[in-house]
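# Chain and residue survey
Listed below, chain by chain, are the residues.
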Amino acid sequence: MFVVCEKHLEDAIEEFVEVYEQPPDIYKLDEVSFTDWLVPHKCDFCDEPPKYLVV
């Protein structure tokens with residue numbers, strides 16, 4: 001699972017496919033909500049605010 005900014009979305013997809021050998025599901029963080037999960041404050045690859053959840 002990755003939480004990433006727009007700049008690093010492609011990197012997260014590539015890494016996900018390399019590890020799991022299948023395409024991920026991608027969600028815009030501003031369009032989904034979770035009751036028991038708080039969105040991290042920064043991208044997994046940099047310090048920018050995240051925009052996407054890659055799972």
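Scroll up to find the structure.
First, a word on what this report is: a plain description of the structure on this page. A quick note: this is a predicted structure, and the numbers were derived from the prediction, not measured. (Residues numbered from 1 in each chain as written. Predicted model: local features only at pLDDT ≥ 70, side-chain atom pairs only at ≥ 80, totals over all residues. Heavy atoms only, no water.)

## Let's talk about the overall build of the protein
Which entries qualify depends on this criterion: Note on conventions: DSSP H or I runs of at least 4 residues are helices, E runs of at least 2 residues are strands, and numbering of each starts at the N terminus. We take the radius of gyration over the C-alpha atoms and set the globule estimate at 2.2 Å times the residue count to the 0.38 power. Relative accessible area decides the class of each residue, using a 1.4 Å probe on protein chains only: under 20% of the type maximum gives buried, over 50% gives exposed, and in between gives partly exposed. Any two residues having at least one pair of non-hydrogen atoms within 4.5 Å are treated as being in contact. Only the protein chains shown count as cover for residues, and all accessible areas are computed by the Shrake-Rupley method using a 1.4 Å probe. Residues counted as positive are Lys and Arg, residues counted as negative are Asp and Glu, and His and the chain ends are not counted. Working definition for charges: the position is that of NZ of Lys, CZ of Arg, CG of Asp or CD of Glu.
Counting its regular elements, the protein contains one helix and three strands. For the protein, the α and β elements follow one another from N to C terminus as β-α-β-β. In terms of C-alpha radius of gyration, the protein reaches 11 Å, essentially the compact-globule figure of 10 Å for 55 residues. Evaluated residue by residue, the protein yields a buried proportion of 29% over its 55 residues. Taking all contacts inside the protein whose residues are at least 6 apart in sequence as the whole, residues at least 24 apart take part in 68%. Roughly 4,300 Å² of accessible area belongs to the protein as shown, and the carbon and sulfur atoms make up 49% of that amount. When the 4 basic and 14 acidic side-chain charges of the protein are each reduced to a single mean position, those positions are 9 Å apart.

## Comments concerning the packing of aromatic side chains
Condition: The rule is short: rings of Phe, Tyr and Trp, with Trp giving its six-membered ring, pair when the centres are within 6.5 Å, and they are stacked under 30 degrees, edge-to-face over 60, tilted in between.
One pass over the structure, following the stated rule, counts three aromatic pairs. Summarising the aromatic geometry, the rings of Phe 34 and Trp 37 are spaced 5.3 Å apart at their centres and angled 90° between planes, so their arrangement reads as edge-to-face. With relative accessibility at 41%, the residue Phe 34 sits in the partly exposed group.

## Structural notes on a negative patch on the surface
Rules: Only residues whose relative accessible area exceeds 30% and that take part in no salt bridge are eligible for patches, with like-charged residues grouped when within 9 Å of each other and nonpolar side chains (Val, Leu, Ile, Met, Phe, Trp, Tyr) grouped when within 5 Å. Salt bridges are identified by distance alone: a Lys or Arg side-chain nitrogen within 4 Å of an Asp or Glu carboxyl oxygen.
A surface patch of negative charge is lined by Glu 10, Asp 11, Glu 14, Glu 15 and Glu 18. Tracing the sequence through the fold places Asp 11 in helix 1 (residues 9–20).

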